[in-house]
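What follows is the residue order along each chain.
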Amino acid sequence: MTTPTMTWTRLARALGSDHNPLRRRSDLIAAWLMPVAMAIFLVLGPLVAVGAIAVAHAGVTSARQAERDLRSVPAVLLQAVPGPLMPAGGTNSWMTWAPARWTADGQRHAGRVPALSGTPAGSIVPVWLNRAGHVQDPPVTPGQARDRVITAVAAALAALAVLLAGLGIAGRCVLNRRRLAAWDAAWQLTGPRWTHLA
């Protein structure tokens, strides 16, 4: 059975706070690398998340401003779009560019347009055109905007975690090299005395 005293003793030993006279400074630094990295993550994580939210919102805002000039015209799909057909809000659907034809400004056009996966041939889908008449991606929906923000925050926090983990691993490698060099130097001093006594 583990008592609170035993738990604190183990924690103190793991962090190098047990006043062991054989423990070197490099051992103490190595013991504190992980707790310090976690503390830095807890401090910087919210700041990184807020920054990622701001950048994602700026991207969505600029995309929505560019979409103000878009106009929608109906297009007829010339072939079925591969993939499952899901009801509105389905999570297993995606947009794919498929051949279609449409009429804009009295002229007939044909080309590839974005359409939801699983849409059969002959279906009418909205096509978004810019002022020059070129086909564009559909406007960003509120759900897509939310997903972009969530993805940006998750990516930023993951990048921070990977950076801190990489720095921790690099720090441990440097400390291990120094520790081995110190042990080698200590053995160079002590080894001859032991062999001489023998």
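All figures in this text were calculated on a predicted structure; none of them were measured in a lab.

Novice: Can you break down the overall build of the chain residue by residue, with the values?
Specialist: Helix and strand counts for the chain stand at three helices and five strands. For the chain, the N- to C-terminal ordering of α and β elements is α-α-β-β-β-β-β-α. Looking at the 198 residues of the chain, the share that counts as buried comes to 24%. Counted over contacts in the chain with a minimum sequence separation of 6, partners at least 24 positions apart contribute 61%. A total of about 13700 Å² of accessible surface is found on the chain, and carbon and sulfur atoms cover 66% of it.

Novice: Would you mind going over the side chain of Glu67 in detail, with residue names and values included?
Specialist: Counting through the fold element by element, Glu67 comes out in helix α2 (residues 25-67). With sequence-adjacent residues up to four places away left out, Glu67 is seen in contact with Pro138, Pro139 and Val140.

Novice: Summarise the nonpolar core; cite the residues concerned and give the values.
Specialist: By size, the foremost hydrophobic cluster in this structure holds 14 residues, and its most contacted members are Leu77, Trp102, Val113, Val127 and Leu129. Looking at which element gives the most residues to this core, the answer is strand β2 (residues 95-104), with four residues. The contact partners of Trp102, leaving out residues within four places of it in the chain, are Val73, Pro74, Ala75, Gln107, Arg108, His109, Ala110, Gly111, Val113, Leu129 and Val135. Of all hydrophobic cores here, the second largest spans six residues; its members include Ala49, Ala52, Ala56 and Val153.

Novice: Residues and numbers for the sheet that holds strand β4 (residues 124-129), please.
Specialist: Spatial ordering of the open sheet is given by β3-β2-β1-β4-β5, a layout of five strands whose pairing is antiparallel. The two strands at the open ends of the sheet, each matched to only one other strand, are β3 (107-116) and β5 (135-136). Two elements, β2 and β3, share 10 bridges in a ladder whose sense is antiparallel. Considered in β3, the bridge of Thr96 is made with Ala115.

Novice: Describe unusual backbone geometry, listing the residues and the values that go with them.
Specialist: A positive phi angle is found at Asp105, which is not glycine, with a value near 55 degrees. Within the secondary structure, Asp105 sits in the loop between β2 and β3.

Novice: How would you sum up a nonpolar patch on the surface? Please name residues and give values.
Specialist: A surface patch of nonpolar side chains, amounting to about 600 Å² of accessible area, comprises Leu28, Trp32, Val36, Ile40, Val43, Leu44 and Leu47. Checked against the element boundaries, Val43 lands in helix α2.

Novice: I'd love a proper account of the pairing of β2, names of residues and values included.
Specialist: Here strand β1 (residues 71-77) pairs with β2 via three bridges, running antiparallel. Bridge pairing in β2 places Ala75 opposite Trp102.

Novice: Provide a residue-level description of the confidence of the model for the chain, including the pertinent values.
Specialist: Mean pLDDT for the chain: 83, with 80% of residues reaching 70 or above. Mean pLDDT values over the elements of the chain span from 60, in helix α1 (residues 4-14), up to 92, in β1.

Novice: I'd like a rundown of the pattern of salt bridges, residues and numbers included.
Specialist: This structure, assessed with the given rule, holds three salt bridges. One salt bridge connects Arg131 with Asp69, and the closest N-O pair in it is separated by 3.2 Å. In this pair, Arg131 is assigned in the loop between β4 and β5 and Asp69 in the loop between α2 and β1, connecting sequence segments 62 residues apart. We classify Arg131 as exposed; its relative accessible area is 70%. The class of Asp69 is partly exposed, set by a relative accessible area of 38%. For the salt bridge of Asp105 with Arg71, the shortest nitrogen-to-oxygen distance reads 3.0 Å. You can see Asp105 sitting in the loop between β2 and β3 and its partner Arg71 sitting in strand β1, a full 34 residues away along the chain. Overall, the relative accessible area of 30% leaves Arg71 in the partly exposed class.

Definitions and limits used
- Residue numbers here run from 1 along each chain, matching the order of that chain's written sequence.
- Local features in a predicted model are, by the rule used here, given only for residues with pLDDT of at least 70; side-chain atom pairs are given and counted only at 80 or more, and totals for whole chains, interfaces and linings are based on all residues.
- Computation of side-chain values: all heavy atoms of the structure, hydrogens and water removed.
- Numbered from the N terminus, helices here are DSSP runs of H or I no shorter than four residues, and strands are runs of E no shorter than two.
- Residue burial is assigned from relative accessible area. The probe radius is 1.4 Å, only protein chains are included, and a residue is buried under 20% of its type maximum, exposed over 50%, and partly exposed in between.
- Here a residue-residue contact requires only that any non-hydrogen atoms of the pair lie within 4.5 Å.
- Using the Shrake-Rupley algorithm and a 1.4 Å probe, accessible areas are obtained, with residue cover drawn only from the displayed protein chains.
- Buried Ala, Val, Leu, Ile, Met, Phe, Trp, Tyr and Cys residues form a nonpolar core when they are joined through side-chain atoms within 4.5 Å.
- By this definition, two strands are paired if DSSP reports at least two bridges between them.
- The patches reported here contain residues having more than 30% relative accessible area and no salt bridge. Joining distances are 9 Å for like charges and 5 Å for nonpolar side chains (Val, Leu, Ile, Met, Phe, Trp, Tyr).
- One side-chain nitrogen of Lys or Arg within 4 Å of one carboxyl oxygen of Asp or Glu is enough to make a salt bridge.
- Along the chain, pLDDT gives the predictor's confidence residue by residue, from 0 to 100.

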